[in-house]
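# Observations on the model geometry
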Amino acid sequence: MKFPDLFDVIVIGGGHAGCEAAYASANMGSKTLLLTQQIDTIGQMSCNPAVGGIGKSQLVTEVDALGGLMGLAADQSGIQYRVLNSSKGPAVQATRAQSDKNIYKKKVRSILESSKNVYMFQQEVADIIVKDNLISGVITKTGISFYGKTVVLTAGTFLGGVIHIGDQRFGAGRAGDPASNVLAEQFRSRGFDVGRLKTGTPARLDGRTIDFTRLDNQPGDTPRPRFSFMTHADNNLKQVPCHITYTNKNTLKIIKDNISKSAIFSGAITSAGPRYCPSIEDKVERFAERENHQIFIEPEGLDVVECYPNGISTSLPFDVQLKFIQTIAGFENAHIMRPGYAIEYDYFDPRGLLPWLETKKIKNLFFAGQINGTTGYEEAAAQGLVAGINACLRSKEQEPWVIRRDQAYIGVMIDDLVNNGTIEPYRMFTSRSEYRLSLRQDNADERLTEIGYKLGVVSADRYSVFQEKQENIKQAEKYYKSKSIPASMVPGETNKAEEGHGAAHSLWSLLKRPEFSYKDISPFAIESYDIQTLKSIEVSAKYEGYISRQKQEIARQKKNLGKKIPHNFDYSIVVGLSNEARQILLRVKPISVDQASRISGITPATISLLLVSLKKHAILESNTW
């Protein structure tokens, strides 16, 4: 049967990537269909009940600055908030929030249903409709054909998903949900470069059977931080603590004695897992000298007893899981509600994507999320938003939007993936960005909201809040630069003033000093500003010199490397280009010299040859779809 309506954008998958893709395209005016196996699991947190973290919170605030929903849902479902790296500089500080998983899921669905352009349909997709390398729709398992101008695939871990618990294995996208095996085979048959990756979860525990008196208590921060710039006040949800415990010698002995039964070490799993989120078996092998490993106990929600013991992800048999868990302090009588497991799934080499996440093999088809080799809610959401924006632009026959490395962590992630691919689940860290001083979570809206408004993905209300905030910051900076106080009033400079040194200091110059914060300077100011504004100008003052130099560096790079490369450029005309370099460039097909310069295996000498050839042959600098 052919569904009667034609859609602008069809999104396959209702996880974090799919929800952001659907919301973004709908906000831009596209009639959007969200196809999912289960409408009830839209926005579900499949793994741990938390949003944010080092590098990840920057992605969340960037998604929010571009009109996305993750930050809003996290703020409305948060039951504990903490600022990580609070003793370090703002560039590496990060917000992390524990969420009530059921409330988070409800908030995501509510936000999506508030959009008049989002249409949901519950059905598994079995195939895509393609003619002459152009996608025009999808076919569900029951034979319903949906037609659309563009399609975004956000299959998560469902494509060819296989769950492992010891020597037991079965097909699933996650525990309790079926895998998408038919669709996986369809893509394999179409010649996509397919690989396998692995991730996993720990057993879930009944909180009533945990002795919390034996655990270290970890409360949240007050005042509560937030992700979304549209969240004006704390939610009214009860705030709860997390807890910490550790493995011990007995725990590790049981794991070592049974490690051959783990699917990871028995040979049942051959694919790579996330290096920075290893299973407990991996930890025991890689860090053999350590006697304990931290376990972070996270509540799954306010109205459930289930707890997530972060740090003991495993694919050991259930009986071994139960045995080693009950050796841990506080877990002696723990009841397991769900066993831990590892899951293998198909992913597609992201080097087969253009920088706006459209596939090179099939026009109008976009990939986002774990299908591109990433791990984590935040990475998936960020890709979903970019794919949704560009699917909408394509449906309107408009130019694509490419987000750059110097603009956002989202740009860093996509640039890393499409240029160099990945051999393990990709996770965002602040260390991945050469521009992290400029790409902070506190200035995400300053970097991206204007762009989002012009694209049409940021609402007028969101843009108005942004303008008001920027005006407050502008006025505060102007005041702090113009207002001066005598040196005699500055702590630590009384003697200098008496000796005739340092007549006066501007409040701005004092903010630049590492020993002073906005709290130290505010008593000298006649004008008063809100805390967020004061925090912003403090960061601007302290980083002013560094950011100025970074902007100059970015400008130089744009001037030297900004030249565009046509999609069908003939690399055989580049005199002196090695066969290896030519093969790499043909595989990636960079859209600019800047992108080419960051591809693994491409040397500065190759870039010089490329620039000479582009100039010699007067290549057009306009980019096309």
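### Re the overall build of the protein
If you tally the helices and strands in the protein, you get 19 helices and 22 strands. At 26 Å, the protein has a C-alpha radius of gyration in line with the 25 Å of a compact globule built from 625 residues. Taken over the C-alpha atoms alone, the protein extends approximately 80 × 75 × 50 Å along its principal axes. Sequence-distant contacts, at least 24 apart, represent 73% of the contacts inside the protein between residues at least 6 apart. When the accessible surface of the protein is split by element, carbon and sulfur atoms take 49% of a total near 26,600 Å². Counting 76 positive and 68 negative side-chain charges, the protein places the centres of these two groups 3 Å from one another.

### Focus: the sheet that holds strand S10 (residues 162–165)
Reading across from one edge, S11-S10-S19-S12 is the order of the four strands in this open sheet, with antiparallel pairing throughout. Sheet topology places strand S11 (168–171) and strand S12 (194–201) at the edges, where each strand pairs with a single neighbour. Neighbour-to-neighbour, the strand axes of the sheet open up by a mean angle of 25 degrees, direction not taken into account. By the bridge criterion, three bridges tie S10 to strand S19 (residues 341–348) in an arrangement that is antiparallel. Following the sheet pairing, Ile 163 is matched in S19 by Ile 343.

### Regarding the state of the cysteines
Using the criterion set out here, one finds zero disulfides in the structure. Free cysteine: Cys 19, not disulfide-bonded; nearest cysteine sulfur from Cys 47 at 17 Å. What makes Cys 19 buried here is its relative accessible area of 1%. The thiol of Cys 47 is unpaired, and the distance to the nearest cysteine sulfur, on Cys 277, comes to 6.8 Å.

### So, the nonpolar core
Core analysis: the largest hydrophobic core is formed by 96 residues, its most contacted members being Val 138, Leu 153, Phe 187, Leu 365, Phe 367 and Ile 410. In terms of residues, this core owes the most to one element, helix H9 (residues 377–395), which gives 11 residues. One finds Ile 255, Ile 297, Ile 328 and Phe 331 within the second-largest nonpolar core, a separate group that totals 21 residues.

### Things to note about the sheet that holds strand S17 (residues 306–310)
Sheets are built from strands paired through backbone hydrogen bonds, the pairs being either parallel or antiparallel. The antiparallel open sheet is built from six strands, whose spatial order is S14-S15-S16-S17-S13-S18. The open sheet has two free edges, formed respectively by strand S14 (216–218) and strand S18 (336–338), since each of these has just one partner strand. Strand after strand, the sheet turns through a mean of 35 degrees between neighbouring axes, direction not considered. In the sheet, strand S13 (residues 204–206) pairs with S18 via two bridges, with the strands oriented antiparallel. Paired with Arg 204 across the two strands is Arg 338, which belongs to S18.

### A closer look at the side chain of Glu 306
Along the chain, Glu 306 turns up in strand S17. For Glu 306, a relative accessible area of 10% translates into the label buried. Within polar-contact distance, the side chain of Glu 306 engages the side chain of Arg 338 at 2.6 Å. Not counting residues within four places of it along the chain, the set of residues in contact with Glu 306 comprises Arg 204, Leu 205, Pro 299, Glu 300, Met 337 and Arg 338.

### Quick notes on the confidence of the model for the protein
Mean pLDDT over the protein: 91, with 96% of residues reaching 70 or higher. Across residues 620–625 the pLDDT falls below 50, and counting only partners more than four positions away or on other chains, this stretch makes 19 contacts in the model.

### A word on the packing of helix H2 (residues 56–65) against helix H11 (residues 444–455)
Relative orientation of the contacting elements H2 and H11 amounts to 35 degrees, with a least axis distance of 8 Å. Taken as a pair, H2 and H11 cross one another with a handedness that is right-handed. The residues of H11 that touch H2, namely those facing Thr 61, Glu 62 and Ala 65, are Ala 444, Asp 445, Arg 447, Leu 448 and Thr 449. For the contact of H2 with H11, a count of residues per class yields three nonpolar, two polar and three charged.

### Brief notes about the packing of aromatic side chains
The full count for this structure, using the stated rule, is 19 aromatic pairs. Residues Phe 7 and Tyr 119 carry aromatic rings whose centres are separated by 6.1 Å and whose planes lie at 65 degrees to one another, so their mutual orientation is edge-to-face. Of this pair, Phe 7 sits in strand S1 (residues 2–12) while Tyr 119 sits in strand S6 (residues 118–122); the two residues are 112 residues apart in sequence, bridging distant segments of the chain. Judged by its relative accessible area of 2%, Phe 7 falls in the buried class. Seen from their ring centres, Phe 348 and Phe 367 are 5.1 Å apart, and the 25 degrees between their planes marks the pair as stacked. Remark: Phe 367 occurs in strand S20 (residues 365–367) and Phe 348 occurs in strand S19; sequence separation between them is 19 residues. A single burial state applies to Phe 348 and to Phe 367, both of which are buried. An aromatic cluster is present here, built from Phe 3, Phe 7, Tyr 119, Phe 121 and Phe 146 joined pairwise through their rings. The ring of Tyr 119 is capped by Lys 31, whose NZ or CZ atom sits 5.5 Å from the centre of that ring. Arg 432 extends its terminal NZ or CZ atom over the ring of Tyr 426, reaching a point 4.1 Å from the ring centre.

### Re the packing of helix H1 (residues 16–27) against H9
Where H1 meets H9, the closest approach of the two axes is 7 Å, and the angle between their N-to-C directions is 30 degrees. When the axes of H1 and H9 are compared, the pair comes out roughly parallel. Viewed along their axes, H1 and H9 form a crossing whose handedness is right-handed. Residues His 16, Ala 17, Glu 20, Ala 21, Ala 24 and Ser 25 of H1 form the contact with H9, whose participating residues are Tyr 377, Ala 380, Ala 381, Gly 384, Leu 385, Gly 388, Ile 389 and Cys 392. Its residues assigned to classes, the contact of H1 with H9 comprises nine nonpolar, four polar and one charged.

### Some thoughts on unusual backbone geometry
Of all residues except glycine, most have a negative phi; of all peptide bonds, most are trans. Cis geometry marks the peptide bond from Thr 222 to Pro 223, where omega comes out at 0 degrees. Among the structural elements, Pro 223 can be located in the loop between S14 and strand S15 (242–246). Its identity is not glycine, yet Asn 364 carries a phi of approximately 75 degrees, on the positive side. In this fold, Asn 364 is placed in the loop between S19 and S20. With a relative accessible area of 10%, Asn 364 lands in the buried category. The backbone of Lys 589 sits at a positive phi, close to 50 degrees, despite the residue not being glycine. Turning to its location among the elements, Lys 589 is positioned in the loop between helix H17 (579–588) and helix H18 (593–597).

### Overview of the environment of Ile 255
Tracing the backbone shows Ile 255 in helix H6 (residues 249–257). When near neighbours in sequence (up to four residues on either side) are disregarded, Ile 255 contacts Ile 280, Glu 281, Val 284, Leu 316 and Phe 324.

### Side note on H9
Note on helix geometry: an α-helix contains 3.6 residues per turn, so any two residues three or four positions apart are oriented the same way. In a regular helix each residue adds 1.5 Å, so 19 residues correspond to 27 Å; H9 covers 27 Å between its end C-alpha atoms and thus fits that length. With its phi angle positive at about 60 degrees, Glu 397 sits one or two positions after the end of H9.

About the cut-offs
- Residues numbered from 1 in each chain as written.
- Predicted model: local features only at pLDDT ≥ 70, side-chain atom pairs only at ≥ 80, totals over all residues.
- Heavy atoms only, no water.
- Helix = DSSP H or I, 4+ residues; strand = E, 2+ residues; numbered from the N terminus.
- Rg over C-alpha atoms; globule rule 2.2 N^0.38 Å.
- Contact = heavy atoms within 4.5 Å.
- Areas by Shrake-Rupley, 256 points an atom, 1.4 Å probe, with all protein chains shown as cover.
- Lys, Arg positive; Asp, Glu negative; His and termini not counted.
- Charge placed at Lys NZ, Arg CZ, Asp CG, Glu CD.
- Pairing = 2+ DSSP bridges.
- Axes fitted to C-alpha atoms, helices over the stretch in contact; angles between N-to-C directions.
- Disulfide = S-S within 2.5 Å.
- Buried < 20%, exposed > 50% of the residue type's maximum accessible area, 1.4 Å probe, protein only.
- Core = buried A, V, L, I, M, F, W, Y, C linked by side-chain atoms within 4.5 Å.
- Polar contact = N/O pair within 3.5 Å; in protein donor to acceptor, adjacent residues only side chain to side chain.
- pLDDT = per-residue confidence, 0-100.
- Left-handed = near helix turned anticlockwise from the far one by under 90°.
- Nonpolar A, V, L, I, M, F, W, Y, C, P; charged D, E, K, R; others polar.
- Phe/Tyr/Trp six-rings, centres within 6.5 Å; stacked < 30°, edge-to-face > 60°.
- Lys NZ or Arg CZ within 6 Å of the ring centre and 35° of its normal.
- Parallel < 35°, antiparallel > 145°, perpendicular 65-115°, else oblique.
- Expected span 1.5 Å × (residues − 1).

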